[in-house]
Number of protein chains: 2
Amino acid sequence: MPKQNIPDIVVGRLPQYLRSLQRMAREGRYVTSSQELGERLGISAAQIRKDLSLFGEFGKQGTGYNIEFLSKQLQEILHVSHDWNVAVIGAGDIGTALARYKGFANRGFQVSMIFDNDPEKIGQSIGSFVIENTATMVEKIKAANIKIAMISVPAPTAQTVTDQLVQAGIKAILNYAPISLNVPPGVRVQYLDPSIHLQRMTYYLDK
Amino acid sequence: MPKQNIPDIVVGRLPQYLRSLQRMAREGRYVTSSQELGERLGISAAQIRKDLSLFGEFGKQGTGYNIEFLSKQLQEILHVSHDWNVAVIGAGDIGTALARYKGFANRGFQVSMIFDNDPEKIGQSIGSFVIENTATMVEKIKAANIKIAMISVPAPTAQTVTDQLVQAGIKAILNYAPISLNVPPGVRVQYLDPSIHLQRMTYYLDK
């Protein structure tokens with residue numbers, strides 16, 4: 001199926017399939033089924049088979065999926081067979097946690113730069129990173145041809161940072177700042193504001 | 001409309017509306033429109049009017065929405081008129097960032113406890129919190145009648161922690177561990193695994 005015809009909701013499930021498959025591989029497993037994947041993920045087996053069938057023929061009726069093969073295929077589809085360099089903007093608590101986060105390994109991402117505008121932070125180290133001046137951000141991101149950024153700056157400065165990142169050629173932004181960002185067509189944003197996700201659950205809780 | 005008939009996708013947009021309205025209020029604004037909200041959020045004005053109409057009559061044709069009134073109504077609907085106490089499990093980088101996070105203020109949440117199983121961390125302070133022993137978690141959460149937890153432990157221990165939280169009466173979990181959690185009916189989980197959100201965007205990027 002042509003890429004542009006795959007619903008985004010299906011695309012959103014593929015990383016979950018990949019994560020489960022990679023976990024199974026670490027558990028020493030070789031083969032799985034849409035049933036087992038579905039139980040792990042709380043998604044129906046039929047939905048998983050339907051989603052995967054949009055991209056190709058990955059399993060045989062009755063013998064299930066080869067975990068390594070399907071993982072590699074999903075990595076290709078999601079463009080994470082090789083690591084993307086990622087810039088982190090904002091070296092506060094969240095930015096620091098991101099720079100030190102070990103969970104990007106084998107998931108396709110590698111933090112390679114971290115920026116802040118606080119003179120007391122610029123030049124300080126976080127692990128193997130030296131915090132760089134946000135004033136040099138556009139130039140450095142362009143020079144390194146980085147396409148992905150994570151924003152962990154205060155909400156009032158997030159849009160300005162975003163505009164600069166777009167100017168620097170960034171195409172995908174993971175936004176931890178609690179604010180909606182305006183970006184031009186061709187640039188994507190995903191939001192990780194914990195309060196938004198918590199409020200989506202409190203709706204269902206008794207007061 | 002009866003609560004159970006509201007689609008979850010609509011519920012998921014309400015916190016975004018509330019966040020934008022609260023930002024407008026901080027900007028000193030009193031009145032807004034579905035058009036303006038839509039432009040800030042990248043959601044159509046018609047969608048916003050339709051979503052809100054499921055919950056009541058919040059604006060007048062031609063005069064728009066009173067920001068303070070609609071904010072209060074959405075806070076009531078989302079059950080965040082008063083703060084919920086939240087327990088953080090895992091005092092690593094992410095748990096520490098959550099315990100120190102200022103973005104929960106006025107959003108309905110207040111971190112009130114943080115737990116870890118590392119003897120070197122137990123008893124240490126993070127701001128005004130003292131890290132408590134995970135062994136006492138079930139008892140302390142029950143005693144404090146806490147219903148919401150944030151999990152920031154390594155993936156291999158996240159399911160065990162979840163089972164204990166369910167036993168302690170937790171009904172809503174914000175999960176930072178990169179793993180799918182099994183929970184019984186009546187318990188909700190939202191996932192904040194950055195790699196999942198990044199992979200959802202790299203699909204659309206040129207390799």
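Thresholds, definitions, all that
- Residues numbered from 1 in each chain as written.
- Chains lettered and ligands numbered in written order.
- Predicted model: local features only at pLDDT ≥ 70, side-chain atom pairs only at ≥ 80, totals over all residues.
- Heavy atoms only, no water.
- Helix = DSSP H or I, 4+ residues; strand = E, 2+ residues; numbered from the N terminus.
- Buried < 20%, exposed > 50% of the residue type's maximum accessible area, 1.4 Å probe, protein only.
- Contact = heavy atoms within 4.5 Å.
- Pairing = 2+ DSSP bridges.
- Salt bridge = Lys/Arg side-chain N within 4 Å of Asp/Glu carboxyl O.
- Nonpolar A, V, L, I, M, F, W, Y, C, P; charged D, E, K, R; others polar.
- Polar contact = N/O pair within 3.5 Å; in protein donor to acceptor, adjacent residues only side chain to side chain.
- Core = buried A, V, L, I, M, F, W, Y, C linked by side-chain atoms within 4.5 Å.
- Axes fitted to C-alpha atoms, helices over the stretch in contact; angles between N-to-C directions.
- Left-handed = near helix turned anticlockwise from the far one by under 90°.
- Right-handed = clockwise from strand over helix to strand, strands pointing away.

**Examining the overall build of chain A**
Item 1. In terms of helices and strands, chain A carries 8 helices and 11 strands.
Item 2. Along the first, second and third principal axes, the C-alpha set of chain A runs to 60 × 45 × 35 Å.
Item 3. Counting over 207 residues, chain A shows a buried share of 51%.
Item 4. Taking contacts inside chain A between residues at least 6 apart in sequence as the whole, the part at least 24 apart equals 54%.

**Focus on the sheet that holds strand β3 (residues 64–66) of chain B**
Residue and element names in this part refer to chain B.
Item 1. Strand order across the open sheet formed by 3 strands is β1-β3-β2, with antiparallel pairing between neighbours. Because the sheet does not close on itself, it has two edges, and the strands there are β1 (31–32) and β2 (59–60).
Item 2. In terms of strand pairing, β2 meets β3 through 2 bridges, oriented antiparallel. Residue pairing across strands places G59 opposite Y65, the latter belonging to β3.

**As for the interface of chain B and chain A**
Interface size, as often reported, equals the accessible area lost upon joining of the parts.
Item 1. Every contact between the two is made by 64 residues of chain B and, on the other side, 63 residues of chain A.
Item 2. At the boundary of chain B and chain A, one finds 8 salt bridges.
Item 3. A salt bridge links D8(B) to R200(A); the shortest N-O distance between them is 2.8 Å.
Item 4. Counting only elements with at least two residues in the side of chain B that touches chain A, the list comes to α1 (8–26), α2 (34–41), α4 (67–77), α5 (93–100), β9 (148–151), β10 (172–175), β11 (188–191) and α8 (194–202) of chain B.
Item 5. Its residues assigned to classes, the side of chain B that touches chain A comprises 36 nonpolar, 11 polar and 17 charged.

**A closer look at the side chain of R19(B)**
Item 1. The topology assignment puts R19(B) in helix α1.
Item 2. In this structure the side chain of R19(B) is engaged in a polar contact, spanning 2.8 Å, whose partner is the side chain of D193(A).
Item 3. Beyond its immediate sequence surroundings of up to four residues, R19(B) is in contact with A177(A), P178(A), I179(A), S180(A), Y191(A), D193(A), I196(A) and R107(B).

**What to know about the nonpolar core**
Item 1. Judged by nonpolar contacts, the single largest core of 90 residues is most densely connected at L52(A), L74(A), M150(A), L52(B), L74(B) and M150(B).
Item 2. Sequence-distant contacts of L52(A), that is, excluding residues within four places in its chain, are made with L14(A), Y17(A), F58(A), Y65(A), L70(A) and L74(A).

**As for the packing of helix α1 (residues 8–26) of chain A against helix α4 (residues 67–77) of chain A**
Residue and element names in this part refer to chain A.
Item 1. As a packed pair, α1 and α4 sit with axes 9 Å apart at the nearest point and diverge in direction by 145°. Our pair here, α1 against α4, has a crossing hand that is left-handed. Between α1 and α4, the residues in contact are L14, Y17, L18, L21, Q22, M24 and A25 and I67, L70, S71, L74, Q75 and I77, respectively.
Item 2. Of the residues contributing to the contact of α1 with α4, the split by class is 10 nonpolar, 3 polar and no charged.

**Some remarks on the pairing of strand β5 (residues 109–116) of chain A**
Along any regular strand the residues' side chains alternate between the sheet's two faces.
Residues and elements named next belong to chain A.
Item 1. Within β5, 6 of the 8 residues are buried, which leaves the element mostly enclosed by the surrounding structure.
Item 2. Alignment of strand β4 (residues 84–89) against β5, held across 6 bridges, turns out to be parallel. Bridging across to β5, W84 finds its partner in F109.
Item 3. Remark: the β4/helix α5 (residues 93–100)/β5 crossover connection has right-handed handedness.
Item 4. Inspection of the sheet shows β5 paired to strand β8 (residues 132–133) by 2 bridges, in the parallel sense. Counted as the bridge partner of F115 is E132 from β8.

**Regarding the pattern of salt bridges**
Item 1. For the structure on display, the rule yields 18 salt bridges over all chains.
Item 2. Measuring nitrogen to oxygen at the nearest pair gives 2.6 Å for the salt bridge that ties D51(A) to R13(A). Remark: R13(A) occurs in helix α1 and D51(A) occurs in helix α3 (residues 45–53); sequence separation between them is 38 residues. Considered together, D51(A) and R13(A) belong to a single accessibility category, that of buried residues.
Item 3. Taking the shortest distance from any N to any O, the salt bridge between D193(A) and R19(B) comes out at 2.8 Å. In this pair, D193(A) sits in the loop between β11 (188–191) and α8 (194–202) while R19(B) sits in helix α1, so the two residues belong to two different chains.

Read these as layout, nothing more, since geometry by itself doesn't imply function.
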